[in-house]
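Chain residues, written in single-letter form:
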Amino acid sequence: ASMPHVNLGAVEEYQKLVERLTFLDQQVEDLTGARGNLEQVIENMDRIVAQRFKETFDEINVQFNEVFKRLFAGGRAHLYLTQPENLLESGVDIMAQPPGKKPQHLSLLSGGEKALTAIALLLAMLQVRPSPFSVLDEIESNLDEANVTRFAQLIKEYSLQGGQFIVITHRRGTMEVGDVIYGISAEASSGVSKVLSVRLDR
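Residues numbered from 1 in each chain as written. Predicted model: local features only at pLDDT ≥ 70, side-chain atom pairs only at ≥ 80, totals over all residues. Heavy atoms only, no water.

## Section: helix α1 (residues 10-72)
- Here α1 is 63 residues long and its end C-alpha atoms lie 89 Å apart, about the 93 Å a rise of 1.5 Å per residue gives.
- Where α1 is concerned, the buried positions are Ala50, Thr56, Phe57, Ile60, Asn61, Phe64, Asn65, Val67, Phe68, Leu71 and Phe72.
- The inward-facing, buried residues of α1 contact β1 (76-81), β2 (92-97), α2 (111-128) and α3 (145-160).
- Phi turns positive, to about 55°, at Ala73, one or two residues after α1. (Helix = DSSP H or I, 4+ residues; strand = E, 2+ residues; numbered from the N terminus. Expected span 1.5 Å × (residues − 1). Buried < 20%, exposed > 50% of the residue type's maximum accessible area, 1.4 Å probe, protein only. Contact = heavy atoms within 4.5 Å.)

## A few points about the nonpolar core
- One finds Phe64, Val67, Leu71, Leu79, Leu123, Leu143 and Phe151 to be the most contacted residues of the largest nonpolar core, which totals 31 residues.
- Elements with a contribution of two residues or more to this core: α1, β1, β2, α2 and α3.
- Of all the elements, α2 adds the most residues to this core, at 9 residues.
- Setting aside residues no more than four positions away along its own chain, Leu79 makes contact with Phe57, Ile60, Asn61, Phe64, Val92, Asp93, Ile94 and Leu121. (Core = buried A, V, L, I, M, F, W, Y, C linked by side-chain atoms within 4.5 Å.)

## Here's the deal with the sheet that holds β2
- The strand order β1-β2-β3 describes an open sheet built from 3 strands, whose pairing is antiparallel. Looking at strand neighbours, the two that pair on one side only are β1 and β3 (104-105), the edges of this open sheet.
- The pairing of β1 with β2 spans 6 bridges and is antiparallel. Of the residues in β2, the one forming a bridge with Ala77 is Ala96.
- α1 rests against β1 and β2 of the sheet, and its axis sits at about 160° to β1. (Pairing = 2+ DSSP bridges. Axes fitted to C-alpha atoms, helices over the stretch in contact; angles between N-to-C directions.)

## Remarks on the pairing of strand β6 (residues 180-186)
- Here β6 runs beside strand β7 (residues 193-199); their pairing, made up of 7 bridges, is antiparallel. When the sheet's bridge partners are listed, Ser185 is paired in β7 with Lys194.
- Hairpin connection, β6 to β7: the antiparallel pair is bridged by 6 residues, and Gly191 has positive phi, about 75°.

## What to know about the packing of aromatic side chains
- Tallied over the full model, the rule gives 3 aromatic pairs.
- Here the aromatic rings of Phe64 and Phe68 are separated by 6.2 Å at their centres, their planes lie at 70°, and the arrangement is edge-to-face. Of the two residues, Phe64 and Phe68 are both situated in helix α1; the distance of 4 residues between them amounts to about one turn of the helix. Here Phe64 and Phe68 have matching classes, each one buried.
- Aromatic rings pair up to connect Phe64, Phe68 and Phe72 into one cluster. (Phe/Tyr/Trp six-rings, centres within 6.5 Å; stacked < 30°, edge-to-face > 60°.)

Printed below as a string of structure tokens:
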């Protein structure tokens, strides 16, 4: 019988395969370790985010009730979490009680009440986390005159605390508290628009 073919390079190939296997094992170990580290980082970040969210949520809730009472001249309001046991996926709902009414969900309020409640929430957020600059586009257009006046006074107070507001509005009560008013005037004869400005802070 003839001898089978002998692979003279088998020992060298085996050594290379052992080195390759060792390298791949090290790579798997490194990746497993990196995955564990990433999962730990994500867990820590989730915990920190949840904690900060809850702290900010509680602060805004307190301010929301205070601003709501000022804008509505009474009543009360609060925010609540739809999934308090899962802060990172929870929604936020609003319960409001305008003066003389029972507590109800935001969706059951009238249009003007919804607008005023939304304004209260916005101003509460600005109170907790002030912004140096805010643009408000006719957010008080659904309010009656008394509520426009209360809204305008709050905006004036916030601006005196250091915030700046650009308010797009057609409501006189809001315009009256502005430092500068810009308007557009179209002359009937020429049809050309002009930008007018008036400084009220002087």
